[in-house]
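# Results of the structural survey
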Amino acid sequence: MDINSNHKSDWATRIIAILAVLYTLQVARDVILPITLALIFALLLAPAVSRLQTLGLPRSLAAIILITLGLGVISGAVYVLASPASDWLQRVPEAISVLRDQLSNVNSDSSNVDAASRSIDSLAKEFSTSSKDPQLTQVVIADAGWRSDLGEIAKNFGVYGTLSIILLFFLLTSGDALMRRFIRSLPTQRDKAVVTRIAELAQTQMSRYLMTITAVNIAVGATTIFGLWLADFPDPALWGAIAALLRYIPYLGVSITMILFTIVSAVSYSNPIAIVSAPLSYGLFTAFVGQFIDPFVHGMRFSLNPIVVFLWIFFWGWLWGAPGVLLAVPLLTLFQVICQHTERLLPVAHIIGDAHE
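Calculation notes
Residues numbered from 1 in each chain as written. Predicted model: local features only at pLDDT ≥ 70, side-chain atom pairs only at ≥ 80, totals over all residues. Heavy atoms only, no water. Helix = DSSP H or I, 4+ residues; strand = E, 2+ residues; numbered from the N terminus. Buried < 20%, exposed > 50% of the residue type's maximum accessible area, 1.4 Å probe, protein only. Contact = heavy atoms within 4.5 Å. Areas by Shrake-Rupley, 256 points an atom, 1.4 Å probe, with all protein chains shown as cover. Axes fitted to C-alpha atoms, helices over the stretch in contact; angles between N-to-C directions. Parallel < 35°, antiparallel > 145°, perpendicular 65-115°, else oblique. Nonpolar A, V, L, I, M, F, W, Y, C, P; charged D, E, K, R; others polar. Phe/Tyr/Trp six-rings, centres within 6.5 Å; stacked < 30°, edge-to-face > 60°. Expected span 1.5 Å × (residues − 1). Bend = angle between axes of the 7 residues up to and from the residue.

## Some remarks on the overall build of the chain
Helix and strand counts for the chain stand at 13 helices and zero strands. Starting at the N terminus and walking to the C terminus, you meet the elements of the chain as α-α-α-α-α-α-α-α-α-α-α-α-α. Per-residue burial for the chain yields a buried fraction of 28% across its 357 residues. For the chain, the share of sequence-separated contacts (at least 6 apart) that also reach a separation of at least 24 residues comes to 66%. Here the chain has roughly 22400 Å² of accessible surface; of this, 69% comes from carbon and sulfur atoms.

Printed below as a string of structure tokens:
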């Protein structure tokens, strides 16, 4: 009886601990997210810093060079794409109106479409009843919402981005020394060996994974830009960059990109064939890349169970929003490395997927 009671107590304690961790991750999101970003980029850039150090550069200078180079590339891309992105944000209400009109024209005999149109019209009337000039009222409300959202995003990006960059610099310059001191503080030689092995594999596999997927995504984005330019698609550089960025999200990223291409095509063209050509071509192209290029480039090193990947993305998206979705797969890869070299977590590693060293 005591054994069963102790067993139930252990399980209750574990469940409470898991819930406490989840609650902490969600409540402390603004603190943990910059730290997580810095850790992932540190794993990505650490091998490059070590190579520059072998060429005679001080480690701090090598870290500054790589961080500055990365920030320059990101800033340049934002500068080039900010104007067309802002234009399309302003055209969101127009895009919704055009899509509704085209949907009504194609399905003019459908009662469901008529009902949806009446619902949208009635909703618009409800928002306009409080003013004698409903059009003016709607424009003011929409403009305030966009400004508020963009201002909040800019503020968060500035504050937490700066914190991540500062922590990234310290991790690249002093992270190895901190890890060595931590390993020396472990009680047994076996623990020291296990932690050393996990740290080495985490850095190697995470860096290789991120560099590989970044190279493939850049190639996909460049090819997408060229194809959209040939098809006279509006703002091909913007949508090619978005396609490359969303491809960091397995399965969902391609679907979201195809939906965006469909919306832009519906706003820009009137011919049904022209509307479906861009999203359909992109879907076929990414299917080819996913079936032939990705397995060839990645090999079997990063084979993850698709169901686990989807649930993991859904979980981190619920927990941290859009940043969690983008960080989900790198975090899963890191978690897999830890599980593979921790005896008690080996069953979890096999559930996630087999990764060969």
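What follows continues from the structure just given.
## Comments concerning the packing of helix α3 (residues 59-90) against helix α8 (residues 236-246)
Running from amino to carboxyl end, α3 crosses α8 at an angle of 90°, the nearest separation of the two axes being 9 Å. The pairing of α3 with α8 is recorded here as roughly perpendicular in orientation. For the pair α3 and α8, contact is made by Leu-81, Pro-84, Ala-85 and Trp-88 and by Ala-237, Leu-238, Trp-239 and Ala-241, respectively. Looking at side-chain class alone, the contact of α3 with α8 contains eight nonpolar, no polar and no charged residues.

## Side note on the packing of aromatic side chains
Counting across every chain of the model gives 10 aromatic pairs. The structure contains a cluster of three or more aromatic residues connected by ring pairs, namely Trp-312, Phe-315, Trp-316, Trp-318, Trp-320 and Phe-335.

## Topic: the environment of Leu-260
In this fold, Leu-260 is placed in helix α9 (residues 252-268). For Leu-260, a relative accessible area of 27% puts it in the partly exposed group. When the C-alpha positions of Leu-260 and Pro-279 are compared, they lie 8.2 Å apart, and in sequence the two are 19 residues distant. Here Leu-260 is in contact with Trp-239, Ile-242 and Leu-246, once residues within four sequence places are set aside.

## Observations concerning α3
Between its terminal C-alpha atoms α3 stretches 45 Å, which fits the 46 Å expected from 32 residues at 1.5 Å a residue. Its axis deflected by about 45° at Ala-82, α3 carries its strongest bend there, up to four residues before the proline Pro-84. Listing the buried residues of α3 in full gives Arg-59, Ala-62, Ala-63, Leu-66, Ile-67, Leu-81, Pro-84 and Trp-88.

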